[in-house]
Amino acid sequence: MHVDSSLLSLLRDPVGLEPLELEGDQLVNQTVGRRYPIVRAIPSFVATAKLGPQNSKFQRMYDRMARYYDLGLTVGNLFYRGRLADLRRQLAAKLRLKAGDRVLYTSVGTGADLPYLAERVALESIEWVGLDLSMGMLRRCQKKLRPFTGAALLVQANAECLPLADQSFDVVFHVGGINFFDRPATAVQEMVRVAKSGAQILIADETKKVVRENYRRSPFTRAYFRDTSDNFNPREWVPPDVADAAYEEVFDGRGYILTFKAPGR
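Quick caveat: nothing in here was measured; it's all calculated off a predicted structure.

Cut-offs used in this document
Residues numbered from 1 in each chain as written. Predicted model: local features only at pLDDT ≥ 70, side-chain atom pairs only at ≥ 80, totals over all residues. Heavy atoms only, no water. Pairing = 2+ DSSP bridges. Helix = DSSP H or I, 4+ residues; strand = E, 2+ residues; numbered from the N terminus. Axes fitted to C-alpha atoms, helices over the stretch in contact; angles between N-to-C directions. Contact = heavy atoms within 4.5 Å. Phe/Tyr/Trp six-rings, centres within 6.5 Å; stacked < 30°, edge-to-face > 60°. Buried < 20%, exposed > 50% of the residue type's maximum accessible area, 1.4 Å probe, protein only. Salt bridge = Lys/Arg side-chain N within 4 Å of Asp/Glu carboxyl O. 1 Å grid on protein atoms, 1.4 Å probe; cavity = no way out; pocket = protein on both sides within 12 Å on 5 of 7 lines; lining within 4 Å. Points joined across faces, edges and corners; volume = space filled by probe spheres on them. Nonpolar A, V, L, I, M, F, W, Y, C, P; charged D, E, K, R; others polar.

**Q** What am I meant to see in the sheet that holds strand 8 (residues 169-175) here?
**A** Two strands in a sheet stick together by hydrogen bonds in their backbones, pointing the same way (parallel) or opposite ways (antiparallel). Reading across the sheet, the seven strands line up as 7-6-5-8-9-11-10 and stay open at both edges, with mixed pairing between neighbours. Two strands bound the open sheet, and with one partner strand each, they are strand 7 (151-156) and strand 10 (243-250). Averaged over all adjacent pairs, the angle separating strand axes in this sheet is 10°, with direction ignored. Inspection of the sheet shows strand 5 (residues 102-106) paired to strand 6 (residues 127-132) by five bridges, in the parallel sense. Bridging across to strand 6, Val103 finds its partner in Trp128. With respect to the sheet, helix 5 (residues 135-145) is in contact with strand 6 and strand 7, its orientation differing from that of strand 7 by roughly 165°.

**Q** Would you mind showing me how to read the packing of aromatic side chains here?
**A** For any two aromatic rings, the description comes down to two numbers: the centre-to-centre distance and the angle of the planes. A complete count under the given rule lists 11 aromatic pairs for this structure. Both rings, one in Tyr62 and one in Tyr69, keep their centres 6.4 Å apart while their planes meet at 70°; by these two values the pair is edge-to-face. Overall, the relative accessible area of 24% leaves Tyr62 in the partly exposed class. Of the residues examined, Tyr69 reaches a relative accessible area of 24% and is grouped as partly exposed. An aromatic cluster of at least three residues, connected via ring pairs, comprises Phe58, Phe180, Tyr215, Phe225 and Phe232.

**Q** Explain the pattern of salt bridges to me, please; I cannot follow it from the model alone.
**A** Side chains that differ in charge, positive against negative, can pair when their charged atoms come close. What the rule picks out here adds up to 18 salt bridges. For the salt bridge of Glu23 with Arg35, the shortest nitrogen-to-oxygen distance reads 3.3 Å. With Glu23 in strand 1 (residues 21-23) and Arg35 in strand 3 (residues 34-39), this pair connects stretches of sequence that are 12 residues apart. Owing to a relative accessible area of 31%, Glu23 belongs among the partly exposed residues under this scheme. Arg88 is paired through a salt bridge with Asp113; the nearest N and O atoms lie 2.9 Å apart. With a gap of 25 residues between them, Arg88 in helix 3 (residues 83-95) and Asp113 in the loop between strand 5 and helix 4 (114-118) connect regions that are remote in the sequence.

**Q** Could you clarify how one ought to interpret empty space enclosed by the protein in this entry?
**A** Gaps left between atoms are located by rolling a probe of water-molecule size over the structure's atoms. The final tally for this structure, using the stated rule, is one cavity of 30 Å³ or more. Within this model, the largest cavity holds a volume of roughly 40 Å³. Lining the largest cavity are Arg88, Leu91, Ala92, Leu95, Asp113, Leu117, Phe173, Val175 and Leu202. Taken together, the elements giving at least two residues each to the lining of the largest cavity come down to helix 3 and strand 8. Top element by residues in the lining of the largest cavity is helix 3. It accounts for four residues. Here the lining of the largest cavity is built from residues that sort into seven nonpolar, no polar and two charged.

**Q** I tried to follow the side chain of Thr259 on my own but got confused; where do I start?
**A** Tracing the sequence through the fold places Thr259 in strand 11 (residues 255-261). Judged by its relative accessible area of 15%, Thr259 falls in the buried class. Once residues within four sequence positions are removed from consideration, Thr259 is found in contact with Gln200, Ile201, Leu202, Asp244, Ala245 and Ala246.

**Q** What exactly am I supposed to notice about the environment of Glu127 here?
**A** With respect to the secondary-structure elements, Glu127 resides in strand 6. When neighbours within four sequence positions are excluded, Glu127 is seen to be in contact with Ser6, Leu7, Asp101, Arg102, Val103 and Ala151.

**Q** Could you clarify how one ought to interpret unusual backbone geometry in this entry?
**A** The phi torsion of most residues other than glycine is negative, and most of the peptide bonds are trans. The residue Ala41 is not glycine, and still its phi comes out positive at about 75°. Secondary-structure assignment places Ala41 in the loop between strand 3 and strand 4 (42-43). Positive phi outside glycine occurs at Ser107, with the angle close to 55°. Note that Ser107 resides in the loop between strand 5 and helix 4.

**Q** Quick question: what am I supposed to make of the layout of surface pockets here?
**A** Roughly 320 Å³ of volume is contained in the second largest pocket. Pro14, Phe45, Ala47, Lys50 and Cys161 are the residues nearest the centre of the second largest pocket, which is lined by 16 residues in total. For the lining of the second largest pocket, the class distribution of residues is eight nonpolar, three polar and five charged.

Spelled out as structure tokens, the structure:
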């Protein structure tokens, strides 16, 4: 998979948001000399030592789970008789994607939502950036993108300090993981920053019910969630100046969908 040059122009140094220039297999901030590697066509802005404790812990978890993640989704969808796939279709429909949109998907994971987005709009007709903290998950997503011939870029970065230019995206969405960021409200503010005026923003994740009844009991995840707080309220993360904010719980209270529009500038 090549690095899409048209989307590289959107990348910024996450420290000070200065522009970056491509030099071989690195992106360079010429102002201060800071460099970021491009690892097998994925620009990487993650310095593990600078991650907060929650982000560092869950980065390790998702790297370890990456190989089996899609299989787990398949088994889960069978167990719930297709309702997980229906929920992903519901999320895709809420995005109202159209040809010509530039789309950011934070916490893209293995790209499990790509087939459902493709049901709404031809992926070749949009510009698409997928961002995740886990390189293991991005590698799996990269394989799904091989047949995709449109403008697409995968980026390893912390969603709490997006390495992207202001007001660049028509649609911004996030599915899964934000509940346990070190600074979820900061991540939401970053989504607003990179969204164009009036852009649709959607955030979806699981509720406290799943944390308590599933993640803390499963042998695959309980070690990561044993000491993790479930005292989160997604509505508190939304900045006050956004428009049309709405919150709903879905899937028998197991998930939530938070939507709003970026403020006018």
